[in-house]
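Single-letter residue listing:
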Amino acid sequence: MTTDAPAAPVRLLVIDDDPLVRAGLALMLGGAEDIVIVGEGADGGEAAALVDRLRPDVVLMDIRMPVMDGLSATELLRGRPDAPEIIVLTTFHADEQVLRAIRAGAAGFVLKDTPPAQIVESVRRVAAGDPVLSPAVTRQLMARAAGGGRDDKADRAERARERVALLADREREVAVAVGQGRSNAEIAATLYLSVATVKTQVSRVLAKFGFNNRVQIALLVHDAGLLDDETGSSRP
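Residues numbered from 1 in each chain as written. Predicted model: local features only at pLDDT ≥ 70, side-chain atom pairs only at ≥ 80, totals over all residues. Heavy atoms only, no water.

Visitor: Lay out the nonpolar core in plain terms, naming residues and giving numbers.
Guide: Among the nonpolar cores identified, the biggest contains 23 residues, and Val-174, Ile-187, Val-198, Val-202 and Ile-217 are the most heavily contacted of them. Elements with a contribution of two residues or more to this core: α7 (150-164), α8 (169-179), α9 (184-191), α10 (195-209) and α11 (214-223). If we skip the residues at most four places from it in the chain, Ile-187 touches Val-174, Ala-177, Val-178, Arg-182, Val-198 and Arg-214. Listed in part, the 22 residues of the second largest apolar core include Ala-47, Ala-48, Ile-63 and Phe-109. (Core = buried A, V, L, I, M, F, W, Y, C linked by side-chain atoms within 4.5 Å. Buried < 20%, exposed > 50% of the residue type's maximum accessible area, 1.4 Å probe, protein only. Helix = DSSP H or I, 4+ residues; strand = E, 2+ residues; numbered from the N terminus. Contact = heavy atoms within 4.5 Å.)

Right, dumping it as structure tokens:
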């Protein structure tokens, strides 16, 4: 009789220019048996070399650093093959810079004053492929993304609708449910699918548009007006 081998711990890289913040993160994350901090960096300019050398699963990235900020580092890392997942650290709930990080492919963000247990859980969730943005925070970011003049909104909506039109019916239903902030399990229960099928559909949507994460799907269906369209959304 064989037993499953225990899962390998999540390999975490911490990049923050404040040594006290790095020490605090190391203290709170070091007690988690399923997370190992493989290294630390003090600037976004160090990120690429550290990722190449240490091969982390997740990078916890400060958004504001003096030489290369976390946004530029996130864009650089997420544009590479086999990129690690990235969580940005910020002091703002709904910042334009956070939105830029999400569009670049960050898996979400955590506030620096987030309780330690929630930061640990965020790292676990991102390593498992789930974003760390709550529906409320996603709505804030989408509202910020919807800013701009009327012409800008109209152009963005038209482009989003053209892209959504490329989706198969089931892909569209799953994409709308993602935009509603539902987990894979919730989508599966709502649409009468298996969780594995939901994951497959989400992966297809991501691949079809070259997206990196579910938040980008949420922004797309938001821009297309599907979250306010009862004919386009699944029943609660």
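Visitor: A description of the sheet that holds strand β5 (residues 108-111) should follow, citing residues and the corresponding values.
Guide: Spatially, the five strands line up as an open sheet ordered β2-β1-β3-β4-β5, and their pairing is parallel. Across the chains shown, the open sheet's two edge strands, defined by having one partner strand only, are β2 (35-41) and β5. Put simply, the sheet's adjacent strands are angled 25 degrees from each other on average, direction ignored. In the sheet, strand β3 (residues 58-62) pairs with strand β4 (residues 85-90) via five bridges, with the strands oriented parallel. (Pairing = 2+ DSSP bridges. Axes fitted to C-alpha atoms, helices over the stretch in contact; angles between N-to-C directions.)

Visitor: Please give an account of the packing of helix α1 (residues 19-30) against helix α5 (residues 116-127) that cites residues and values.
Guide: As a packed pair, α1 and α5 sit with axes 9 Å apart at the nearest point and diverge in direction by 75 degrees. Comparing the axis directions of α1 and α5 gives the class roughly perpendicular. Facing Leu-25, Met-28 and Leu-29 of α1, the residues of α5 in contact are Pro-116, Ile-119, Val-120 and Val-123. Its residues assigned to classes, the contact of α1 with α5 comprises seven nonpolar, no polar and no charged. (Parallel < 35°, antiparallel > 145°, perpendicular 65-115°, else oblique. Nonpolar A, V, L, I, M, F, W, Y, C, P; charged D, E, K, R; others polar.)

Visitor: Before we move on, can you summarise the pattern of salt bridges with the specific residues and values?
Guide: Enumeration over the complete set of coordinates arrives at eight salt bridges. Salt-bridge contacts for Glu-40 lead to Arg-22; the nearest nitrogen and oxygen are separated by 3.3 Å. Taken as a pair, Glu-40 in strand β2 and Arg-22 in helix α1 lie far apart in primary sequence, 18 residues in all. In this structure Arg-22 comes out as buried when scored by relative accessible area, which is 15%. In this structure, Lys-208 and Glu-171 form a salt bridge, with 2.9 Å as the shortest nitrogen-oxygen distance. Note that Lys-208 is positioned in helix α10 and Glu-171 in helix α8, a separation of 37 residues in sequence. Residue Glu-171 is classed as buried on the basis of its relative accessible area, which comes to 7%. Among the charged side chains, a network of salt bridges with common partners joins Asp-34, Glu-121 and Arg-124. (Salt bridge = Lys/Arg side-chain N within 4 Å of Asp/Glu carboxyl O.)

Visitor: With reference to specific residues and values, describe unusual backbone geometry.
Guide: For residues other than glycine, phi is negative in most cases, and the peptide bonds are mostly trans. Positive phi outside glycine occurs at Arg-55, with the angle close to 50 degrees. Along the polypeptide, Arg-55 turns up in the loop between α2 (47-54) and β3. With a phi angle near 60 degrees, Tyr-192 is a residue other than glycine that sits in the positive phi range. Tracing the backbone through its elements, the reader meets Tyr-192 in the loop between α9 and α10. With a relative accessible area of 70%, Tyr-192 lands in the exposed category.

Visitor: I'd like to hear about the packing of aromatic side chains, residue by residue, with values.
Guide: Evaluated as defined, the whole model comprises one aromatic pair. Consider the rings of Phe-209 and Phe-211, whose centres lie 5.5 Å apart with planes at 40 degrees: the pair is tilted. By relative accessible area, which is 10% here, Phe-209 ends up buried. (Phe/Tyr/Trp six-rings, centres within 6.5 Å; stacked < 30°, edge-to-face > 60°.)

Everything listed here is a matter of geometry and, on its own, says nothing about what the molecule does.
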